Amino acid sequence: DDIQDGVDPFPLIPAGIRYVKASAAPGGDGRSWATAHKTVQGALAAAATGQATPADPDDDVAQIWVARGEYKPANRTTPIELINQVAIYGGFSGPSEDFAGETKRGQRLREPAINGCVISGDLNNNDVGPATPDDGPSVPSRADNAAGLITAGPTTNASAILDGFTLSGSAGGSAMFITGSPTIRNCMITRNGTVSGGGANIRGLGAPLFRDCIFAANVASFGGGLRVSDQARPRFETCSFEQNEAQ
């Protein structure tokens, strides 16, 4: 109906859901568990296409449901980018032999430590040992790792949501680089290493919200768990910081 659901409180045609499952066959359109995208990026691309074609309400996307599995950035320098009016939810089991997959968001398992939804920077599956501030080219097993897992630019607002994931294995760059104001919920950010802000580097004028998140065992020279600079104003609600280290 030409208006995004996040803007229109009474949409004539509600925006849809795109489904993601790591073991899905290539080429799915993401409109069901049976035809799920293989990557989070594929679902985000579909959402961006929907936003670029407001006259076609059939392709609008408001939510992305992600089944348990390991997901990765496309390469070392291209993190997954959050976009407004799209919420990415992890913690779904997805389909199996005797289950067609969840039909309600409340059926998912939100707790990132046990739900099996992981965004990993270990591109070659060869990480050895704990994270260090020198992660990157100087650490052989992490030289290939993504230097960032999630990014949210300066125009992102609270409608850009990431909910229900473990973020691990970023090396040579913060797990999250945030200059806007997204919403991060039910996430565990752990075992990431870089020079500045192991778990997150929050800069600019943004005011991101972190709710029910855990920052644990991240390492950096400055701000092991995270670093806040410029005029950024992050808010933390029922979050914990455990065994992060600045070396």
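Right above here is the structure, for reference.
The model shown is predicted, which means the values in this text are computed figures rather than measured ones.

A. The arrangement of the overall build of the protein chain in detail. Of regular secondary structure, the protein chain possesses 2 helices and 21 strands. Radius of gyration (C-alpha) of the protein chain: 18 Å, near the 18 Å computed for a compact globule of 247 residues. Counting only C-alpha atoms, the protein chain reaches 55 × 45 × 30 Å along its principal axes. Considering the protein chain as a whole, with its 247 residues, one finds that 50% of them fall into the buried category. Expressed as a percentage of contacts within the protein chain between residues at least 6 apart in sequence, the contacts between residues at least 24 apart total 70%. Surface accessibility of the protein chain: about 11000 Å² in total, with carbon and sulfur atoms responsible for 54%. Within the protein chain, one finds 19 positive and 26 negative side-chain charges whose respective centroids are separated by 4 Å.

B. A look at the sheet that holds strand β4 (residues 80-81). With parallel pairing, 5 strands are arranged side by side in an open sheet as β4-β7-β10-β14-β18. One side of each edge strand has no neighbouring strand; the edge strands of this open sheet are β4 and β18 (227-228). Pairing of β4 with strand β7 (residues 150-152) involves 2 bridges; the strand directions are parallel. Paired with glutamate 81 across the bridge in β7 is threonine 151.

C. How the structure looks around the pattern of salt bridges. Scanning the model with the defined rule gives 8 salt bridges in all. The partner of lysine 72 in a salt bridge is glutamate 70, with the nearest N and O atoms 3.6 Å apart. When its relative accessible area of 41% is taken as the criterion, glutamate 70 is described as partly exposed. Residue arginine 185 pairs with aspartate 163 through a salt bridge whose shortest N-O separation is 2.9 Å.

D. Just the environment of alanine 47, in detail. The residue alanine 47 is located in helix α1 (residues 40-52) in this model. Overall, the relative accessible area of 0% leaves alanine 47 in the buried class. In the structure, alanine 47 is positioned 31 residues away from glycine 16 in sequence and 9.3 Å away in space, judged by C-alpha atoms. Ignoring anything within four residues of it in the chain, the contact list for alanine 47 reads Val61, Ile83 and Val86.

E. Structural context of the side chain of threonine 179. On the secondary structure map, threonine 179 appears in the loop between β10 (176-178) and β11 (183-185). On the basis of relative accessible area, threonine 179 is assigned to the buried category, the value being 18%. Every residue in contact with threonine 179, bar those within four places of it in the chain, is listed here: Ala152, Gly153, Pro154, Arg203, Leu205 and Gly206.

F. Summary view of the packing of aromatic side chains. Going through the model one piece at a time under the given rule, you end up with 9 aromatic pairs. Note on tryptophan 65 and phenylalanine 92: the rings are 4.6 Å apart at their centroids and 10 degrees apart in plane angle, and the pair reads as stacked. Highlighted residues: tryptophan 65 in strand β2 (residues 61-67) and phenylalanine 92 in strand β5 (residues 87-92), separated in sequence by 27 residues. Judged by centre distance (5.1 Å) and plane angle (15 degrees), the rings of phenylalanine 210 and phenylalanine 236 are stacked. Of this pair, phenylalanine 210 sits in strand β15 (residues 209-211) while phenylalanine 236 sits in strand β19 (residues 235-237), and the two are 26 residues apart along the sequence.

G. Representation of the pairing of strand β6 (residues 117-120) within the structure. Note: strand β3 (residues 69-71) against β6, 3 bridges, orientation parallel. Each residue of the ladder has a partner; that of glycine 69, found in β6, is cysteine 117. Examined bridge by bridge, β6 and strand β9 (residues 166-168) share 3 bridges and lie parallel to one another. Counterpart to isoleucine 119 in the pairing with β9 is leucine 167.

H. Inspection of the sheet that holds strand β1 (residues 16-20) at higher detail. Pairing within the open sheet is parallel, and its 7 strands lie in the order β1-β2-β5-β8-β11-β15-β19. A single partner strand is all that each edge strand has here, and the edge strands are β1 and β19. Between one strand axis and the next, the sheet turns by 15 degrees as a mean value, whatever way the strands run. Strand direction decides the pairing type here: β15 and β19, joined by 3 bridges, are parallel. Residue pairing across strands places phenylalanine 210 opposite phenylalanine 236, the latter belonging to β19. Together, β1, β2 and β5 form the strand contacts of α1, whose direction differs from that of β2 by roughly 170 degrees.

Analysis parameters
- Residues numbered from 1 in each chain as written.
- Predicted model: local features only at pLDDT ≥ 70, side-chain atom pairs only at ≥ 80, totals over all residues.
- Heavy atoms only, no water.
- Helix = DSSP H or I, 4+ residues; strand = E, 2+ residues; numbered from the N terminus.
- Rg over C-alpha atoms; globule rule 2.2 N^0.38 Å.
- Buried < 20%, exposed > 50% of the residue type's maximum accessible area, 1.4 Å probe, protein only.
- Contact = heavy atoms within 4.5 Å.
- Areas by Shrake-Rupley, 256 points an atom, 1.4 Å probe, with all protein chains shown as cover.
- Lys, Arg positive; Asp, Glu negative; His and termini not counted.
- Charge placed at Lys NZ, Arg CZ, Asp CG, Glu CD.
- Pairing = 2+ DSSP bridges.
- Salt bridge = Lys/Arg side-chain N within 4 Å of Asp/Glu carboxyl O.
- Phe/Tyr/Trp six-rings, centres within 6.5 Å; stacked < 30°, edge-to-face > 60°.
- Axes fitted to C-alpha atoms, helices over the stretch in contact; angles between N-to-C directions.

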